[in-house]
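# Commentary on secondary and tertiary structure
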Amino acid sequence: MIGIIGAATSGGDSTDNSNKDKAVSATGKSTTDDAKDEPAKEEPAKEEDPAESTKTQAEAFQACVAKSGTPTEQAAIKHVTKVTGADKRNDILDAPEVFTDFTGGLMGPHQGEGKLIASAFTSCYESDNGLVTVYDKNGEILANANY
C-alpha cells in the first residue's frame, strides 16, 4: 500500500518525448518543422487595410451595420459608444457586450432600439454559442440575443 502511494506521488521524470506540447500557430500548423526540428517557414501574412486595423470594435461594428443593416438598425447603431469581446471568439462561450448612450434599461423607452442593435450584431458576427448583451449608459441591460 505504501509503495503504491509513494509511486503515485513521486512524479518521477517522464521519458515521453512526443510532439504533443509543440506550439501551434493560428493556422493550425506546428511552429517547427516536424522532420527537422527547425522553425517552420512563415507564410506571408495577409495584408490588412490600414484603416481596418486601426478601427475600434465599435467602429468596425458600425461599419458592418452601415454596409448591410436595415435603415432602422443603422439609426439605432449611431447610439453605440463601445463594443467589447467581439474581436475574440472561440465558439464555446462568446459573450460580447455593446454599450450605448440610451437610458431606461430593459423596461425603458429604448428597449426596442436595444433589440435592433442586438439583431444587427447577430447579422455581423457568427458564433456557435454566443450571447451578445446590449447595455444602456448606466450599465443596465437593454437587450440580448444569441448569435
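These numbers were taken from a predicted model, which means no experiment stands behind them.

Conventions and cut-offs
Residues numbered from 1 in each chain as written. Predicted model: local features only at pLDDT ≥ 70, side-chain atom pairs only at ≥ 80, totals over all residues. Heavy atoms only, no water. Helix = DSSP H or I, 4+ residues; strand = E, 2+ residues; numbered from the N terminus. Buried < 20%, exposed > 50% of the residue type's maximum accessible area, 1.4 Å probe, protein only. Areas by Shrake-Rupley, 256 points an atom, 1.4 Å probe, with all protein chains shown as cover. Pairing = 2+ DSSP bridges. Axes fitted to C-alpha atoms, helices over the stretch in contact; angles between N-to-C directions. Contact = heavy atoms within 4.5 Å. Lys, Arg positive; Asp, Glu negative; His and termini not counted. Salt bridge = Lys/Arg side-chain N within 4 Å of Asp/Glu carboxyl O. Polar contact = N/O pair within 3.5 Å; in protein donor to acceptor, adjacent residues only side chain to side chain. Disulfide = S-S within 2.5 Å. Expected span 1.5 Å × (residues − 1). Arc of directions from axis to C-beta.

Attention now goes to the overall build of the chain. The number of helices and strands found in the chain is five helices and six strands. Counting from the amino terminus, the chain carries its helices and strands in the arrangement α-β-β-α-α-α-β-β-α-β-β. Burial analysis of the chain (147 residues in total) assigns 22% to the buried set. Put simply, the chain shows about 10,400 Å² of open surface, and 52% of that area lies on carbon and sulfur atoms.

What the four strands build is an open sheet, ordered β3-β4-β5-β6; its pairing is mixed. Lying at the two open borders of the sheet, with one neighbouring strand each, are β3 (80-84) and β6 (141-146). Neighbour-to-neighbour, the strand axes of the sheet open up by a mean angle of 15°, direction not taken into account. As paired strands, strand β4 (residues 97-100) and strand β5 (residues 131-135) are joined by three bridges and run parallel to one another. Across the sheet, the residue bridging to glutamate 97 is threonine 133, located in β5. Each of β3 and β4 touches helix α3 (residues 57-68); the most contacted strand, β3, lies at about 110° to it. Sheet strands touched by helix α5 (residues 111-124): β3, β4, β5 and β6. Its angle to β6, the strand with the most contacts, is close to 30°.

Turning our attention to the side chain of aspartate 136. Mapping aspartate 136 onto the fold places it in the loop between β5 and β6. One buried charged residue, aspartate 136, remains without a salt bridge, the closest side chain of opposite sign being lysine 137 at 8.8 Å. Separated by 3.0 Å, the side chain of aspartate 136 and the backbone nitrogen of asparagine 138 make a polar contact. For aspartate 136, the side chain forms a polar contact with the main-chain nitrogen of glycine 139, separated by 3.1 Å.

Below, the discussion takes up the state of the cysteines. The final tally for this structure, using the stated rule, is one disulfide. A disulfide bridge connects cysteine 64 with cysteine 124, and the sulfur atoms are separated by 2.1 Å. Handedness of the cysteine 64-cysteine 124 disulfide follows from its S-S torsion of about -105°: it is left-handed. Linking cysteine 64 in helix α3 with cysteine 124 in helix α5, this pair joins segments that are 60 residues apart in sequence. Residue cysteine 64 is classed as partly exposed on the basis of its relative accessible area, which comes to 22%.

A word on the environment of leucine 142. Relative to the elements of secondary structure, leucine 142 occurs in strand β6. When the C-alpha atoms of leucine 142 and threonine 100 are compared, they prove to be 9.1 Å apart, with 42 residues separating the residues in sequence. Apart from residues lying up to four places away in sequence, leucine 142 is in contact with Thr100, Phe102, Gly105, Leu106, His110, Gln111, Gly114, Val134, Tyr135 and Asp136.

A few words now on α5. When the terminal C-alpha atoms of α5 are compared, their 20 Å separation across 14 residues agrees well with the 20 Å that a helix rising 1.5 Å per residue should span. For α5, the complete set of buried residues consists of Gly114, Ile117, Ala118, Ala120 and Phe121. Down the axis of α5, the sector holding all buried residues measures 160°, keeping them to one side. Buried residues along α5 sit in contact with α3, α4 (71-77), β3, β4, β5 and β6.

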